[in-house]
Amino acid sequence: MAMLLVALTMCVGAKAYTPWKKGGMETGKYRNVFVEMGYKKSAVDAKLKEVFNDVFRGPNKVYFEVGDSMGYVSDIKNHDVRTEGMSYGLMVAVQFGEKDIFDRIWRWSKRYMQHQSGSREGYFAWSCRTDGTQNSAGAASDGELYFITALLFASNRWGNNTGINYKAEAQHILNCTMPKEYTPEQRGFGGFGGFGGQRPANGQQQAGNGQQQEPAKQKMFLIDPETKLITFTPDGFGQRFTDPSYHIPAFYEVWAKYADDGRSDLWMECAAKSREYLHKVIHPQTGLNPDQSQYDGSMNQGFGGRRNGASNFRYDSWRVPMNIALDYEWSCKDGEWQREYGEKIQNFFYSQGINDFVDQYRVDGTLPEGNEILPAGGSARALRHSIGLVATVAAASVMCSHEKSKEFVDALWNAKHEPFADGYFDAYYDGLLRLFAFMHLSGNYRVVTGK
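Rules and cut-offs
Residues numbered from 1 in each chain as written. Predicted model: local features only at pLDDT ≥ 70, side-chain atom pairs only at ≥ 80, totals over all residues. Heavy atoms only, no water. Helix = DSSP H or I, 4+ residues; strand = E, 2+ residues; numbered from the N terminus. Contact = heavy atoms within 4.5 Å. Salt bridge = Lys/Arg side-chain N within 4 Å of Asp/Glu carboxyl O. Buried < 20%, exposed > 50% of the residue type's maximum accessible area, 1.4 Å probe, protein only. Core = buried A, V, L, I, M, F, W, Y, C linked by side-chain atoms within 4.5 Å. Pairing = 2+ DSSP bridges. pLDDT = per-residue confidence, 0-100. Polar contact = N/O pair within 3.5 Å; in protein donor to acceptor, adjacent residues only side chain to side chain. Axes fitted to C-alpha atoms, helices over the stretch in contact; angles between N-to-C directions. Left-handed = near helix turned anticlockwise from the far one by under 90°. Nonpolar A, V, L, I, M, F, W, Y, C, P; charged D, E, K, R; others polar. Phe/Tyr/Trp six-rings, centres within 6.5 Å; stacked < 30°, edge-to-face > 60°.

Attention now moves to the overall build of the protein. Summing up its helical and strand segments, the protein has 16 helices and nine strands in all. Long-range pairs, those at least 24 residues apart, make up 69% of the contacts in the protein with a sequence separation of at least 6.

Given below as structure tokens:
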């Protein structure tokens with residue numbers, strides 16, 4: 001009898017961790033890793049609802065309704081509304097079938113964040129005050145990435161005749177993000193407020209003979225036309241490099257399948273190039289990635305480079321394990337490498353102590369020091385065991401077959417989202433990443449295909 005039980009246990013384990021050969025986009029199937037690892041389905045459903053409510057309805061919520069028809073997601077600690085959080089809010093809402101939340105967030109985004117004319121038409125101001133006043137008119141490219149994908153999912157789920165033509169809105173953004181000319185004085189500084197380079201106050205350049213010369217026209221684009229990789233910001237400065245956490249190849253496959261914008265071949269090429277880039281930018285031993293990089297995967301130099309820690313693994317970087325897990329779940333076109341990556345990065349964090357690893361490292365796995373450590377929301381520079389990173393590393397378990405993956409899943413399940421000893425608490429970023437991880441691991445982060 002004992003031998004039979006052992007055999008049955010081995011069979012269950014083998015079934016639970018059988019590597020995927022096809023993604024959910026093709027099969028319509030998604031793993032509930034929690035259930036596979038022994039959690040009861042009813043408990044998983046209750047926990048997912050609890051985590052959703054923490055973000056959208058609980059005492060520490062980051063979603064707020066405005067009047068009868070609008071709402072926003074706020075980065076509480078930074079006292080603003082960001083395209084990151086708004087587009088995440090749209091994605092969560094469409095995954096959960098929360099049409100009212102989706103429509104409210106979209107209306108606020110369109111009214112206050114999206115430019116309706118000029119060289120920035122179709123793009124979104126990356127940061128606004130909670131009253132809608134723009135803090136910075138420039139865009140951060142990951143916002144557009146999520147806006148487009150979430151709108152296409154909304155079109156599939158609810159159609160386009162319920163007050164918002166979701167597909168038309170997605171197509172408009174896509175059309176506006178194609179390369180277009182602008183002059184520097186039309187755009188001012190770059191997306192993150194002051195990164196647009198030096199220029200005379202009158203917006204003109206001095207010619208060699210002392211006469212004024214009109215600045216040369218430049219091109220603005222969300223996707224770099226040469227490398228087919230997403231920009232850090234779609235402007236003259238941020239177009240020079242990229243952010244590894246903006247790379248979600250499966251999103252482009254969603255565009256290819258559902259956008260109906262005549263660019264399917266381009267989007268499939270972008271997906272392939274994005275996967276190639278991830279191979280280059282991730283450290284071969286630790287699995288860590290820099291916050292930003294050049295398009296060839298090499299480290300940024302100078303501004304945004306080594307001197308201020310932007311070549312380290314830190315806040316943006318946390319998203320990469322979860323993004324690669326998403327591509328594995330939805331597409332699985334790079335499955336062998338993704339499985340190796342998942343175990344490699346979990347092995348690194350396991351070596352740091354599963355309950356002790358910190359949230360910022362140099363990509364070689366050593367600890368950052370001094371000004372390399374990025375503070376958050378006005379807090380002091382500190383290294384923490386942040387639940388946002390606990391969440392994304394646990395989400396990588398979707399790709400893994402080693403036994404350590406269950407320890408990471410258990411660590412996420414048992415982690416409490418509460419203030420640190422020094423009072424620091426992030427309801428926004430930590431909260432949203434935690435929610436996304438629970439969606440992944442419960443099989444509830446899916447390609448929305450429609451009725």
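On inspection of all chains with the given rule, the structure shows 25 salt bridges. One salt bridge connects Glu253 with Lys333, and the closest N-O pair in it is separated by 3.3 Å. Residue Glu253 is located in helix H10 (residues 249–258), and its partner Lys333 is located in the loop between helix H12 (319–330) and helix H13 (335–351); the two are separated by 80 residues in the primary sequence. Taking relative accessible area as the criterion, Lys333 reaches 54% and is therefore assigned exposed. Asp316 is paired through a salt bridge with Arg319; the nearest N and O atoms lie 3.2 Å apart. Like Asp316, the residue Arg319 is buried in the burial classification. One salt-bridge network, held together by shared partners, links Asp75, Lys77, Asp80, Arg82 and Asp426.

Among the nonpolar cores identified, the biggest contains 133 residues, and Phe102, Trp255, Trp330 and Phe349 are the most heavily contacted of them. Looking at this core, the element that brings in the most residues is helix H7 (residues 141–158), giving ten residues. Residues contacting Phe349, with those up to four places away along its chain left out, are Leu288, Phe313, Ile354, Phe357, Val358, Tyr361, Leu389, Val393 and Phe408.

Two modes of strand pairing occur in sheets, parallel and antiparallel, and in both the strands are linked by backbone hydrogen bonds. With antiparallel pairing, the five strands of this open sheet are ordered in space as E1-E2-E3-E4-E5. Strands with a single pairing partner mark the edges of an open sheet, and in this sheet they are strand E1 (63–66) and strand E5 (134–136). By the bridge criterion, four bridges tie E1 to strand E2 (residues 70–75) in an arrangement that is antiparallel. Note that in E2 the partner of Phe64 across the bridge is Tyr72.

What follows concerns the environment of Leu433. The residue Leu433 is located in helix H16 (residues 429–441) in this model. For Leu433, a relative accessible area of 0% puts it in the buried group. The contact partners of Leu433, leaving out residues within four places of it in the chain, are Trp318, Arg319, Met322, Gly388, Ala391 and Thr392.

Now for the confidence of the model for the protein. Here the protein averages 90 in pLDDT, while 87% of its residues score no lower than 70. With pLDDT under 50 throughout, residues 186–209 is counted as low confidence; its partners more than four residues away or in other chains account for 51 contacts.

Structurally, Asp261 can be placed in the loop between H10 and helix H11 (264–281). For Asp261, the side chain forms a polar contact with the side chain of Trp267, separated by 3.1 Å. Contact partners of Asp261, with chain neighbours within four places excluded, come to Leu174 and Trp267.

On to the packing of helix H6 (residues 99–113) against helix H8 (residues 166–176). For the pair H6 and H8, interaxial distance at closest approach is 13 Å and the crossing angle is 35°. Relative to H8, the crossing made by H6 is left-handed. Only Tyr166, Glu169 and Ile173 of H8 make contact with H6, whose side of the interface consists of Lys99, Phe102, Asp103, Trp106 and Lys110. A class-by-class count of the residues in the contact of H6 with H8 yields four nonpolar, no polar and four charged.

Here we take up the packing of aromatic side chains. By the definition in use, this model includes 40 aromatic pairs. On the numbers, 5.0 Å between centres and 90° between planes, the contact of Trp255 with Trp267 is edge-to-face. Within this pair, whereas Trp255 is found in helix H10, its partner Trp267 is found in helix H11, the two being separated by twelve residues in sequence. On the basis of relative accessibility, which here comes to 0%, the residue Trp255 falls in the buried class.

Backbone geometry at Lys228 places phi at a positive 65°, although glycine is not the residue there. Mapped onto the elements of the fold, Lys228 is located in the loop between strand E9 (218–220) and H10. The exposure class of Lys228 is buried, given its relative accessible area of 17%. Positive phi, close to 60°, is recorded for Cys332, a residue that is not glycine. Mapped onto the elements of the fold, Cys332 is located in the loop between H12 and H13.

Along H8, the positions that sit buried rather than exposed are Tyr166, Glu169, Ala170, Ile173, Leu174 and Cys176. On the buried face of H8, the contacting elements are H6, H7, strand E6 (180–182), H10 and H11.

In this structure, Phe147 sits in helix H7. For Phe147, a relative accessible area of 0% corresponds to the buried category. Between the C-alpha atom of Phe147 and that of Glu84, which follows or precedes it by 63 residues, the distance is 9.2 Å. Aside from chain neighbours lying at most four places away, what touches Phe147 is Thr83, Met86, Ser87, Leu90, Trp106, Ser109, Phe124 and Ile173.

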